[in-house]
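# Observations on the model geometry
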Amino acid sequence: MSTFTCQTSALLLSVFIETMSVGATQAAAPKTDAAKIENAMTAAPPAVSRNASVVEMNEDGSMKELRKGTNGWTCVPDDPSTPGNDPMCLDPSAMEWLHAYLAKSPPPDKIGFIYMLQGGWDFSNLDPYATKPDGGKATITGPHVMVVGPGVKKVPGYDRTGNGVNARIPYVMWKDTPYEHLMIPVR
Ligand SMILES: [Cu+2]
């Protein structure tokens, strides 16, 4: 097969996959509070998400509590502004980190942990505020956990090449920004 054909098929395949995931998300995006809570809970093991708070993120970065939890964890349903299904469950330090990211303010000097067992879909592995795919390529990560906070900048052994496209190995996302964090696939 010629290189040209190869690249063309790869391009067509990626367009196809993106179209598929857009279609799938629009069909699956949770609408009711009950559906949003159910979706949010799939981000973490049941032992964690069962008693977690569930909050919905508004466009302006404010949050609406859908359910009050008891274990200190907070789960957030799929972000409908991205094509993938990407709910997450965060510990208290990771929630502070997320608020800082949304407010574009410096994150607190704490290490936080996030479950994203449904995987994630990011417009860019380099730009925290990108609104369209980098050079046409989104960063798609399967089921993973994340370690966040300024302290992770000092952790060696994670891929920092910045490619991060369809990542399968542990890598650094948004490197050299205040929101640099570790992405660790779990499957
Ligand atoms: Cu993630």
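Quick look at the structure, then. (Residues numbered from 1 in each chain as written. Predicted model: local features only at pLDDT ≥ 70, side-chain atom pairs only at ≥ 80, totals over all residues.)

Here V55 is to be found in strand β1 (residues 53–57). In the structure, V55 is positioned 34 residues away from C89 in sequence and 10.0 Å away in space, judged by C-alpha atoms. Every residue in contact with V55, bar those within four places of it in the chain, is listed here: M63, K64, E65, L66, T74 and V76. (Helix = DSSP H or I, 4+ residues; strand = E, 2+ residues; numbered from the N terminus. Contact = placed C-beta atoms within 7 Å.)

The subject of this paragraph is the nonpolar core. Counting residues in hydrophobic clusters, the biggest one holds 28 residues, and the most contacted among them are A43, C75, M88, C89, L90, I114 and Y115. Setting aside residues up to four positions removed in sequence, I114 forms contacts with M88, C89, L90, A94, V145, M146 and V148. (Core = buried A, V, L, I, M, F, W, Y, C linked by C-beta atoms within 7 Å. Buried ≥ 20, exposed ≤ 12 C-beta atoms within 10 Å, placed from the backbone.)

Looking now at the sheet that holds strand β5 (residues 112–116). In spatial order, the strands read β2-β1-β3-β4-β5-β8-β10-β9; together these eight strands make up an open sheet with mixed pairing. Bordering the open sheet on either side are β2 (63–67) and β9 (171–173), each of which pairs with just one other strand. Strand-to-strand twist of the sheet, defined as the mean angle between neighbouring strand axes without regard to direction, takes the value 30°. Note that strand β4 (residues 88–90) and β5 share two bridges and pair antiparallel. The partner of C89 across the bridge, within β5, is Y115. Of the strands in this sheet, β1, β2 and β3 (74–76) are in contact with helix α2 (residues 33–41), which crosses β2 at around 90°. Lying on the sheet, helix α4 (residues 92–103) is in contact with β3, β4, β5 and β8 (144–148); it crosses β5 at an angle near 85°. (Pairing = 2+ DSSP bridges. Axes fitted to C-alpha atoms, helices over the stretch in contact; angles between N-to-C directions.)

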